[in-house]
Amino acid sequence: DLDGTVVNREGAIVPGAGDAVQRLLARGVSVTLATGRMYQPSNRFAAELNITAPLICYQGALIREPGNGEVLWHKPVPLPLARTVIAEMRETGVHIYAYVDGSIWVEEAREADLSYAERNGVELNLVDDLAGLLDGPPTEIAARGTPADIDRLIARLRGCCGSEVIVNKAHDSFCEIACAASGKGNALEHLAGRLGFPRSQTVAIGDSPNDVSMLRWAGLGIVVGDASDEVRAAADWVIDHGAEDSFCHAVAQLLDAGGD
């Protein structure tokens, strides 16, 4: 996982994480990132960490090669379902995002969105009607609003869409909606199979509810930082060693347990 695991609240790689990743690579371990972020910022962090394995992005809806960007797996939100989700969002008055072909589409341009797009090299497109614009399935849809609005939206989506979507609440005022066939666990399973690694030889490290599916699927699931009880329950190991350096301690213990 990136945010809260390898990347801190300021958006920087935590001290020591780069060295920890290099130790894993030196042991012959294949390292990837599994994140809710778009491909472009994920690719940038991968370059900083010297990671060359395919990247799991958009909460598992997309797997792409770093560098050349070849798409290896894509589980977008089916178009009829996407339009239903957008209609429900309108009822709650949240700010809506649609992620299509590596760009962001919105109906209202906000300064924070413009800053995010510029900072991450992502195109931000302003349109009058997202539902009318979509002529193909978006990779993901997201909403920003008050905590009460986000909770109300999540309840509505779970009522009307049920098992068709995965709703990830990134924080109190932001949630992401993806196809149920995506998810970090499904994506990790696909990638491990593609790379020739059995489940017993996979390790997942994370800290948030959106990491639970990969923590449960992996042969070894490690939870770091200030994780909730739900996330801790999904882990085989819990590394409680401060918010920022937990990942580094997890890697150290992993390598010590693995020997040479």
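Scroll up a little and you will see the structure.
Residues numbered from 1 in each chain as written. Predicted model: local features only at pLDDT ≥ 70, side-chain atom pairs only at ≥ 80, totals over all residues. Heavy atoms only, no water.

Engineer: It is not clear to me how the side chain of D1 should be interpreted in this structure. Could you clarify?
Structural biologist: Among the structural elements, D1 can be located in the segment before helix 1 (17-26). Owing to a relative accessible area of 12%, D1 belongs among the buried residues under this scheme. Reaching out from D1, the side chain makes a polar contact with the side chain of K184 at a distance of 3.0 Å. Not counting the four nearest positions on each side in its chain, D1 is found in contact with V6, A34, K184, I205, G206, D207, D211 and M214. (Helix = DSSP H or I, 4+ residues; strand = E, 2+ residues; numbered from the N terminus. Buried < 20%, exposed > 50% of the residue type's maximum accessible area, 1.4 Å probe, protein only. Polar contact = N/O pair within 3.5 Å; in protein donor to acceptor, adjacent residues only side chain to side chain. Contact = heavy atoms within 4.5 Å.)

Engineer: I tried to follow the pairing of strand 8 (residues 165-171) on my own but got confused; where do I start?
Structural biologist: Each regular strand shows side chains that alternate between the opposite faces of the sheet. The pairing of strand 8 with strand 9 (residues 174-179) spans six bridges and is classified as antiparallel. Bridging from a neighbouring strand, V165 pairs with C179 of strand 9. In this structure, the hairpin formed by strand 8 and strand 9 is closed by a connection of two residues. (Pairing = 2+ DSSP bridges.)

Engineer: When you look at the side chain of E176 in this model, what are you seeing that I'm missing?
Structural biologist: Mapped onto the elements, E176 comes out in strand 9. Despite its burial, E176 pairs with no opposite charge; the closest candidate is K184, at 8.2 Å N-O. At 2.7 Å, the side chain of E176 and the side chain of Q59 are in polar contact. With near-sequence residues (within four places) excluded, E176 lies in contact with G36, Q59, E140, I141, A142, I166, V167, N168 and A170. (Lys, Arg positive; Asp, Glu negative; His and termini not counted. Salt bridge = Lys/Arg side-chain N within 4 Å of Asp/Glu carboxyl O.)

Engineer: What's the story with unusual backbone geometry in this structure? I'm lost.
Structural biologist: It is generally the case that most residues other than glycine have a negative phi and that most peptide bonds are trans. Despite not being glycine, N50 has its phi angle at roughly 65°, a positive value. Position of N50 relative to the elements: it lies in the loop between helix 2 (39-48) and strand 1 (55-57). For N50, a relative accessible area of 45% translates into the label partly exposed. A positive phi angle, near 60°, is found at Q59, a position not held by glycine. Topologically, Q59 is positioned in the loop between strand 1 and strand 2 (62-64).

On their own, these measurements won't tell you what the molecule is for.
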